[in-house]
Amino acid sequence: MILKNSKLFIMVLVLISTTLFIVLVLGVYIVRLKNNNTSELLNTADNFTETNALVQSIRIAQRSASEDIESFNNFVLSEDKLVPLIESIEEVGRKFGLETDITSVKGTEEELVEPHIISIAVETKGSWVSVMSFLHAIESLPNRVMINESSFYKEDDDWNSIIILSLYSFD
C-alpha cells in the first residue's frame, strides 16, 4: 500500500512539477514578448521625438531661409527691378540738386550668357559736392555696381559728369 500511495504521490508531484514548469516557461515567454513590445514602443517613441525635433528645426530653418532668400532676392537685379532702379538713380540725383539724365541703357545681346550685363550711362550737372555725393550713393546701391568709366569736367560754374555703370541682371 505504501508503494501504491507513493506511486500516486510521485505521479501527482511530477504532474504538478510539469505544470509549474510549463507555467514558468509560458510566464518567461510572455514577459519576453511584452519586453520586446515595450522596446519597440520605446524605439517608436524615440523616433517620433527625434522626428518632431527634426521637423521643428526644419521649420525654423525654412523661416530663417525664407527671410534670407527674400533679402537675397532684393539684392539681385532682375528685369522687373531695372526700371525702378533707374528711376531711383534719377531721384537720388535730383535729391542732391543735380540735373540727372540716363542717356542710355544697354543689355548684352547673348541670351545664353548668365548673368546679363546691363550698361547704364548717367549724365549729371551740378556742384562738385553734389556730383561726388551722387557718385558715393551709386557705389552704395544694394546691387553690385561696377563703375566702368567716369569723367568730370567743369562748364561755367557747374561740374558735369558722365558715369557709365555696369550691373549684373539675373533673369
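Rules of the game
Chains are numbered independently. Their residues run from 1 in the order of the written sequence. Two thresholds apply to this predicted model, a pLDDT of at least 70 for residue-level local features and 80 or more for giving and counting side-chain atom pairs, whereas whole-chain, interface and lining totals are computed over all residues. As a rule here, side-chain values cover all heavy atoms of the structure and leave hydrogens and water aside. The rule is short: rings of Phe, Tyr and Trp, with Trp giving its six-membered ring, pair when the centres are within 6.5 Å, and they are stacked under 30 degrees, edge-to-face over 60, tilted in between. Helix numbering and strand numbering both begin at the N terminus, where a helix is a DSSP run of H or I of at least 4 residues and a strand a DSSP run of E of at least 2. To sort residues, take the accessible area from a 1.4 Å probe on protein chains only and compare it with the maximum for the residue type: under 20% means buried, over 50% means exposed, and anything in between is partly exposed. Between two residues, a contact is recorded if the distance between any of their heavy atoms is within 4.5 Å. Patches draw on residues past 30% relative accessible area with no salt bridge. Two like charges within 9 Å are joined, as are two nonpolar side chains (Val, Leu, Ile, Met, Phe, Trp, Tyr) within 5 Å. Each accessible area is a Shrake-Rupley estimate made with a 1.4 Å probe; only the visible protein chains count as cover when residues are assessed. What makes a salt bridge here is a side-chain nitrogen of Lys or Arg within 4 Å of a carboxyl oxygen of Asp or Glu, nothing more. Two residue types count as positive, namely Lys and Arg, and two as negative, namely Asp and Glu; His and chain ends fall outside the count. Think of each charge as sitting on NZ of Lys, CZ of Arg, CG of Asp or CD of Glu. Here, nonpolar core refers to any group of buried Ala, Val, Leu, Ile, Met, Phe, Trp, Tyr and Cys residues whose side-chain atoms link them within 4.5 Å. UniProt positions are given in the numbering used here, feature names are shortened, and annotations may be inferred rather than shown by experiment. Pairing of N or O atoms within 3.5 Å defines a polar contact, subject to two protein rules: one partner must be a possible hydrogen donor and the other a possible acceptor, and residues neighboring in sequence count only if both atoms are side-chain atoms.

**Focus on the packing of aromatic side chains**
In step 1: This model, assessed by the stated rule, comprises two aromatic pairs.
In step 2: Relative to Phe152, the ring of Trp128 has its centre 5.7 Å away and its plane inclined at 65°; by these criteria the two rings are edge-to-face. On the criterion of sequence distance, the pair formed by Trp128 in helix H3 (residues 128-139) and Phe152 in strand S3 (residues 145-155) is long-range, its members being 24 residues apart.
In step 3: Taken together through their ring pairs, the aromatic side chains of Trp128, Phe152 and Trp159 make up a single cluster.

**Quick notes on the environment of Glu123**
In step 1: Here Glu123 is to be found in strand S2 (residues 116-126).
In step 2: We classify Glu123 as partly exposed; its relative accessible area is 34%.
In step 3: C-alpha separation for the pair Glu123 and Thr100, spaced 23 residues apart in sequence, amounts to 5.8 Å.
In step 4: Beyond its immediate stretch of four places on either side in the chain, Glu123 contacts Glu99, Thr100, Asp101, Thr103, Ser161 and Ile162.

**Observations regarding a negative patch on the surface**
In step 1: Together, Glu99, Asp101, Glu123, Glu155, Asp156, Asp157 and Asp158 line one region of the surface with negative charge.
In step 2: The residue Asp101 is located in strand S1 (residues 99-107) in this model.
In step 3: Of the residues examined, Asp101 reaches a relative accessible area of 46% and is grouped as partly exposed.

**A word on the nonpolar core**
In step 1: Core analysis: the biggest nonpolar cluster contains 18 residues, and Ile89, Ile120, Val122, Phe134, Ile138 and Leu165 have the highest contact counts within it.
In step 2: Residue assignment for this core shows that the elements contributing at least two residues are helix H2 (79-95), S2, H3 and strand S4 (158-169).
In step 3: Setting aside chain neighbours within four positions, we find Leu165 in contact with Ile89, Ile118, Ser119, Ile120, Val122, Ile138, Val145, Met146 and Ile147.

**Quick notes on the UniProt feature "transmembrane region" (unreviewed entry) in the protein chain**
In step 1: Taking the UniProt record as the reference, the feature "transmembrane region" (unreviewed entry) is found at residues 9-31.
In step 2: Helix makes up 100% of residues 9-31 and strand 0%, with an end-to-end C-alpha separation of 32 Å.

**Some details on the side chain of Ser130**
In step 1: Among the structural elements, Ser130 can be located in helix H3.
In step 2: Here Phe96 takes part through its backbone oxygen, which lies 2.7 Å from a polar atom of the side chain of Ser130.
In step 3: At 2.9 Å, the side chain of Ser130 and the side chain of Ser127 are in polar contact.
In step 4: Here Ser130 is in contact with Phe96 and Leu98, once residues within four sequence places are set aside.

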